[in-house]
Each structure stands twice: as structure tokens, then as C-alpha cells.
Protein chains: 2
Amino acid sequence: MRQIYTTMEEQQYTYKYPRPAVTTDCVVFGFDGRELKVLLIERGNEPYKGCWAIPGGFLNMDENATQGALRELAEETGLILEHIKEFGAFTEVGRDPRDRVISIAFYALAKKSDVKGGDDAAKAQWFGLNEVPRLAFDHDQMLRKAMQKLKEDIHFEPIGFDLLGDTFTMPELQRLYEAILGVQFDRRNFYKKMMQTGILDEVDEEPRPIAFFGSHHEMRKMSIDALFDANPFPSRSDDDSRRRKGTLFTFNKQRYEKFKEEHNFRLEF
Amino acid sequence: MRQIYTTMEEQQYTYKYPRPAVTTDCVVFGFDGRELKVLLIERGNEPYKGCWAIPGGFLNMDENATQGALRELAEETGLILEHIKEFGAFTEVGRDPRDRVISIAFYALAKKSDVKGGDDAAKAQWFGLNEVPRLAFDHDQMLRKAMQKLKEDIHFEPIGFDLLGDTFTMPELQRLYEAILGVQFDRRNFYKKMMQTGILDEVDEEPRPIAFFGSHHEMRKMSIDALFDANPFPSRSDDDSRRRKGTLFTFNKQRYEKFKEEHNFRLEF
DNA sequence: GCAAAAGTGTTTCGTTTACACCCATGC
DNA sequence: GCATGGGTGTAAACGAAACACTTTTGC
């Protein structure tokens with residue numbers, strides 16, 4: 001948070017008209033095979049010290065909002081993501097008790113393999129969506145809006161795949177959709193609909209692919225196994241007993257692009 | 001623009017960290033019975049002096065983004081609207097050549113009867129979507145994104161009705177949907193789909209209702225006729241020959257609310 | 001009276017939904 | 001061997017799309 005400016009702390013910035021401070025926040029969703037999780041951080045400073053909050057922080061002058069949100073996310077939680085989606089600005093006058101602060105809000109979807117434990121992430125923790133504590137600022141509202149947007153977006157974009165590993169089974173995918181949308185699907189109909197999009201490839205055996213993670217500029221390679229060993233999904237890793245059973249699939253991005261063209265950019269469920 | 005602060009021009013505002021300036025912009029769509037229009041203003045100041053732009057301006061410290069956008073819209077175009085919809089933040093570092101400025105963007109739909117001519121609106125003008133000139137800043141991009149959002153939203157919300165008068169005929173409504181979505185519908189199927197939503201009421205004869213307009217705090221009443229006489233839709237008012245033919249309908253907001261509940265908040269077309 | 005647009009029902013087709021049994025795996 | 005979850009096809013219902021002729025209005 002604001003680390004870039006620690007060497008300038010004595011410097012002052014003066015403007016003719018008052019300006020709100022601008023922050024970015026990023027709601028990160030994860031999936032443990034059973035329910036949706038959200039990644040929160042415990043605030044170390046006032047206001048709302050000790051309270052849980054959506055990761056985020058002040059926008060730097062040399063980055064756009066997306067870059068700012070990704071940077072803050074990496075700093076505060078250790079998560080290195082590529083795709084986040086803006087879903088709204090939060091601009092009520094009194095939303096920060098100290099100062100006028102507006103926030104540009106994003107949501108993101110994290111695979112298990114994106115989770116990097118330890119160090120920076122010491123104060124970051126996953127919460128089931130029904131166990132979320134009272135959040136700082138207007139972050140309750142922000143979380144609700146993010147969930148709503150996620151529900152809407154998943155009808156038209158295969159964003160759900162970002163929440164699963166590189167390979168997944170059809171029941172896993174179905175459980176994910178059911179968790180996000182809060183409804184139950186008939187297994188056979190779900191299979192059919194998914195398969196007839198043509199964006200899924202059947203995989204004969206688990207490929208144990210290479211995953212990338214590390215800091216923004218220095219990427220390291222390591223096997224999925226090492227990632228899992230180093231950073232098991234925090235709670236209920238016994239849920240893994242629900243996984244790795246049945247036919248494996250993988251998401252075919254190329255065919256998805258083609259699919260989008262043909263179907264007027266709609267993928268419905 | 002910034003009028004609230006004209007008495008403080010000598011005052012300076014100092015912060016420990018640099019802050020972007022925050023503006024709001026509002027893309028206003030109108031409909032002349034044939035094609036979609038967008039309301040633009042000609043800039044009187046640098047940068048982009050003389051260039052057309054989406055109405056907007058700096059956010060005041062005592063208003064949220066929605067209030068700021070509505071205020072700027074009223075100041076710059078004379079339009080007093082109630083509902084605008086945020087569709088994104090524009091935050092690229094170099095989007096304003098002078099300073100770091102981020103903008104929160106809205107779109108709005110204006111009925112003919114919302115158009116208030118003269119005075120403030122001297123430099124505001126409607127453009128057909130194919131006649132839009134090169135716009136200031138990143139406003140081309142902003143306009144494209146607004147159109148895209150409008151297209152998406154109209155599938156699920158009856159926002160189209162805001163573009164028509166209090167009463168309208170079915171062909172008018174159909175032309176509007178066709179203009180927004182860029183497709184052609186079968187007349188009979190369109191009738192059926194609209195009527196089976198139950199959100200339209202048939203009106204026997206034109207009710208000549210009372211309309212409200214004026215400044216934010218001092219509302220005046222006048223008849224629709226006087227409004228039309230004073231402020232005909234700028235271009236092609238001969239398009240009115242396409243109107244007032246056939247059965248009149250009006251939008252039933254109450255039934256729409258009920259409809260939303262029953263249909264899981266979806267209104268598809 | 002002629003041209004242009006409004007009004008109206010039915011059939012066809014495709015999509016969505018509902019539904020049941022066998023198989024593989026883990027305990 | 002029993003319980004749990006995975007895998008598969010078909011029939012019925014529903015909603016979307018295609019389609020033509022008569023009536024009204026404006027010139």
C-alpha cells in the first residue's frame with residue numbers, strides 16, 4: 001500500500017481544487033470443490049483496524065486502475081492474476097470516515113494453483129460466502145455487488161473455468177456453476193449443454209501440466225504438485241476427496257473464441 | 001463546471017500523496033423515431049477546444065458520482081434526468097494531456113420531452129450515431145462502450161421505454177429496439193413478446209399528460225404540448241410523421257416490478 | 001383510389017426440461 | 001457388498017421463429 005511513495009513522505013501535492021483520493025479494490029473468488037470462497041485481508045491500520053476487508057489500496061499516478069488493483073492484490077495477498085473485471089465505482093461521500101475516497105472495484109477468479117501462501121499473504125484468508133464477517137467501509141455492499149455481477153457474467157462468459165484447475169471433471173464444473181448461481185442442474189442436461197458448446201476437450205489422463213507463478217517480472221516454473229504441496233487450499237482440504245474421480249476435461253480457449261463469434265458473444269446456461 | 005468553487009479560486013488543496021482528478025461523464029441517448037442519437041457538447045476550453053465531447057466535468061467533494069454526473073448534465077445541456085447508469089471507469093494514464101484524470105462514465109436515456117433547448121444547451125447538439133465527429137479525450141471509446149452496454153442491458157431491463165414519450169405505438173417501440181440492437185424483428189412476434197410481459201397498457205386516446213422540468217430545486221409544470229412547441233427534437237422533426245398512428249401504449253411500472261420478481265429479474269428479447 | 005404502414009393467428013421447428021437405469025469406485 | 005457418485009438417451013412441453021392477408025390512414 002503506497003510503498004512507492006514512502007521515500008516522498010515529506011513531499012506535498014497541491015491542487016487548485018480539492019480532489020478525492022482514489023483507491024482500487026478487488027474481490028477475489030475461489031472454489032474448493034463445494035462452495036465459493038472470497039479472499040479477505042485483515043486491516044492493520046485505522047480506520048477499521050483489525051476488521052476484514054477486500055484487498056485494495058491507493059492508485060498510483062503511473063498506473064491505470066486495473067494495474068493498480070493487480071499490484072495491490074499481489075502486495076496484500078501474494079496473488080498474481082492476469083484477468084480482473086471492473087464492476088463498479090463506489091463514490092458515496094461518507095464511505096471512508098477520514099477523507100473523501102472513491103474506489104474502483106474489480107472482481108477476480110483464482111484457481112487453487114494461483115494461491116500462494118506465506119509471506120505477504122499472512123493476513124489474507126479465504127472465507128466461505130456464508131461465513132464472511134462484517135467488513136470495513138462499504139465492502140459488504142461491494143461484495144454483494146461483485147457476487148451479483150459474477151452471477152450475471154457467468155451466463156455469457158466461460159469465466160467459471162478460471163476457478164478450476166487446468167483439468168476438471170464435469171461434476172466439479174457443475175458444482176461450481178451451482179455454487180455461483182445458487183441453483184441445481186440436472187446432470188445429463190448440464191453435460192449436454194456444456195459439450196455442445198464444443199469448448200471442452202476430454203483429457204485421457206491427468207497431464208500434470210506446468211504452472212507459472214512468481215512476481216510480476218520474474219516468473220518461475222514449478223509443477224502443479226509442488227504448488228499443491230506448498231500451498232494447499234486453506235480450509236477443508238479433505239474436500240479434495242471429491243475431486244479426481246471421473247473423466248477429466250480441459251477448457252479449449254481457441255474453440256471458445258470461435259464459439260463466441262458464431263453465437264453473437266453469448267454463452268447461455 | 002466547477003461553479004461551486006469559483007469563490008475559492010485562490011484556495012489551495014494540499015495532500016501528502018498525489019491524487020488524480022476525478023470527473024464524471026454521461027453519454028445521453030435519444031431516439032427520433034428512426035435512429036438513435038447521442039447528445040454531445042462542443043468544448044469551449046482547452047484541451048480539445050472546439051472539439052465535440054460527452055458532457056461531464058469534475059466531481060465535487062459533497063456529491064457522489066451519480067449526483068455529479070446529473071449536475072454536470074444539467075449545467076452543460078439543460079437536461080434534467082433521474083436515472084443514469086454507470087458503465088465503467090476510464091483510467092488510462094495519458095487520457096487527459098494536461099493532468100492525471102480518471103472518469104466515471106454513465107449513460108442515460110432521454111425522452112423527447114426531456115429535451116430543454118436554449119440557454120445552457122447552446123453548445124449541446126444531437127448526433128446520429130453514424131454522424132458522430134471525432135471526440136475529445138478517449139470519448140470515442142467511451143461512446144462505443146456505452147452503446148455496447150445499452151445493447152446488453154436492454155435484454156434484461158425495459159430501459160427502452162425511457163427513450164419514448166409517455167405513450168407510444170407498438171411500431172415505434174419496435175423501431176427503437178431495432179435501432180438499439182441493430183436487427184429486424186417480425187412484427188407479430190414482437191407484439192406477442194411485448195404483450196405477454198404484461199408490462200404494457202393499452203391507452204384509448206392520447207392522455208396529454210403533465211410533464212415536469214426545470215432546475216434541480218425549482219420544478220415547473222407545463223403541458224407536453226408546450227414542451228414540444230418550445231423544443232422540437234433538433235433534426236428531422238419531419239420524422240414525426242411516422243408517429244401518432246395506431247394504438248397507443250404506456251409502460252406500466254408497477255406490473256414491471258412484479259414481472260421482474262416472477263422472472264428472476266430477466267426480461268429477454 | 002392508391003400506397004404505406006398497422007393489426008392479427010397458426011404452424012413449424014428447435015431448445016429446454018424431465019426423467020431412470022447401469023457402472024465404477026471407495027469403504 | 002453396499003453406498004456413493006459417475007455416466008448416458010429419449011420423450012414431452014415449451015418457447016421462438018416463420019409466415020400472409022385484411023384494415024386503416026395519409027397523400
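The preceding data block contains the structure.
Residues numbered from 1 in each chain as written. Chains lettered and ligands numbered in written order. Predicted model: local features only at pLDDT ≥ 70, side-chain atom pairs only at ≥ 80, totals over all residues. Heavy atoms only, no water.

Here the focus is the overall build of chain A. What chain A contains, in helices and strands, is 6 helices and 13 strands. Put simply, chain A has 269 residues, and 51% of those count as buried. Taking as baseline every contact in chain A between residues at least 6 positions apart, the subset at least 24 positions apart corresponds to 72%. As displayed, chain A has an accessible area near 13,400 Å², and 47% of this comes from carbon and sulfur atoms. (Helix = DSSP H or I, 4+ residues; strand = E, 2+ residues; numbered from the N terminus. Buried < 20%, exposed > 50% of the residue type's maximum accessible area, 1.4 Å probe, protein only. Contact = heavy atoms within 4.5 Å. Areas by Shrake-Rupley, 256 points an atom, 1.4 Å probe, with all protein chains shown as cover.)

With that settled, the discussion passes to the packing of helix H3 (residues 170-181) of chain A against helix H4 (residues 187-197) of chain A. All names here are of chain A. Two numbers describe how H3 lies on H4: the axes approach to 11 Å, and their chain directions differ by 100°. Here H3 is positioned roughly perpendicular relative to H4, judged by the angle of their axes. Two secondary-structure elements touch here, H3 through Met170, Pro171, Leu173, Gln174 and Tyr177 and H4 through Arg187, Phe190, Tyr191, Met194 and Met195. Tallied by class, the residues present in the contact of H3 with H4 amount to 8 nonpolar, 1 polar and 1 charged. (Axes fitted to C-alpha atoms, helices over the stretch in contact; angles between N-to-C directions. Parallel < 35°, antiparallel > 145°, perpendicular 65-115°, else oblique. Nonpolar A, V, L, I, M, F, W, Y, C, P; charged D, E, K, R; others polar.)

A few words now on the sheet that holds strand S9 (residues 168-169) of chain A. Residues and elements named next belong to chain A. One open sheet holds the 3 strands; their spatial order is S9-S13-S10, and the pairing between them is antiparallel. Since the sheet does not close on itself, it has two edges, and those belong to S9 and strand S10 (200-203), each with one partner. For S10 and strand S13 (residues 248-251), the ladder comprises 4 bridges, and the chain directions are antiparallel. Across the sheet, residue valine 203 finds its bridge partner in S13, namely leucine 248. (Pairing = 2+ DSSP bridges.)

Glancing now at the protein's contact with DNA strand C. Near DNA strand C you find 14 residues, and of these A:Arg188, B:Arg187, B:Tyr191, B:Lys192 and B:Thr247 are the closest. Considering DNA strand C, the proportion of its atoms within 4 Å of the protein that are sugar or phosphate atoms stands at 25%. Separating a phosphate oxygen of DNA strand C from a side-chain N or O atom of B:Tyr191 is a distance of 2.3 Å. In terms of residue count, the dominant contributor to the surface near DNA strand C is H4(A) (5 residues). The class makeup of the residues in the surface near DNA strand C is 2 nonpolar, 3 polar and 9 charged. (Near = heavy atom within 4 Å. Polar contact = N/O pair within 3.5 Å; in protein donor to acceptor, adjacent residues only side chain to side chain.)

The next thing to look at is the interface of chain B and chain A. Taken residue by residue, the interface counts 36 residues in chain B and 36 residues in chain A. Of the roughly 3,700 Å² buried at the junction of chain B and chain A (both faces included), carbon and sulfur atoms supply 56%. Where chain B meets chain A, there are 2 salt bridges. Along the contact surface separating chain B from chain A lie 20 residue pairs in polar contact (both at pLDDT 80 or more). Looking at the side of chain B that touches chain A, the elements that each hand over two or more residues are strand S1 (13-15), strand S2 (21-31), strand S6 (84-90) and strand S7 (101-109) of chain B. Looking at the side of chain B that touches chain A residue by residue, the classes come out as 16 nonpolar, 8 polar and 12 charged. Where strand S1 (residues 13-15) of chain A lies against S1(B), 3 bridges are found, and the strand directions are antiparallel. Bridging from a neighbouring strand, A:Thr14 pairs with B:Thr14 of S1(B). (Buried area = accessible area lost by both parts, 1.4 Å probe. Salt bridge = Lys/Arg side-chain N within 4 Å of Asp/Glu carboxyl O.)

Below, the discussion takes up the protein's contact with DNA strand D. In the vicinity of DNA strand D there are 13 residues, among which A:Arg187, A:Tyr191, A:Lys192, A:Thr247 and B:Arg188 approach most closely. A share of 22% is what sugar and phosphate atoms reach among the atoms of DNA strand D within 4 Å of the protein. B:Asp186 places a polar side-chain atom, nitrogen or oxygen, 3.2 Å from a base nitrogen of DNA strand D. The set of elements that each furnish at least two residues to the surface near DNA strand D consists of H4 of chain A together with helix H4 (187-197) of chain B. Across the surface near DNA strand D, the residue classes break down as 2 nonpolar, 3 polar and 8 charged.

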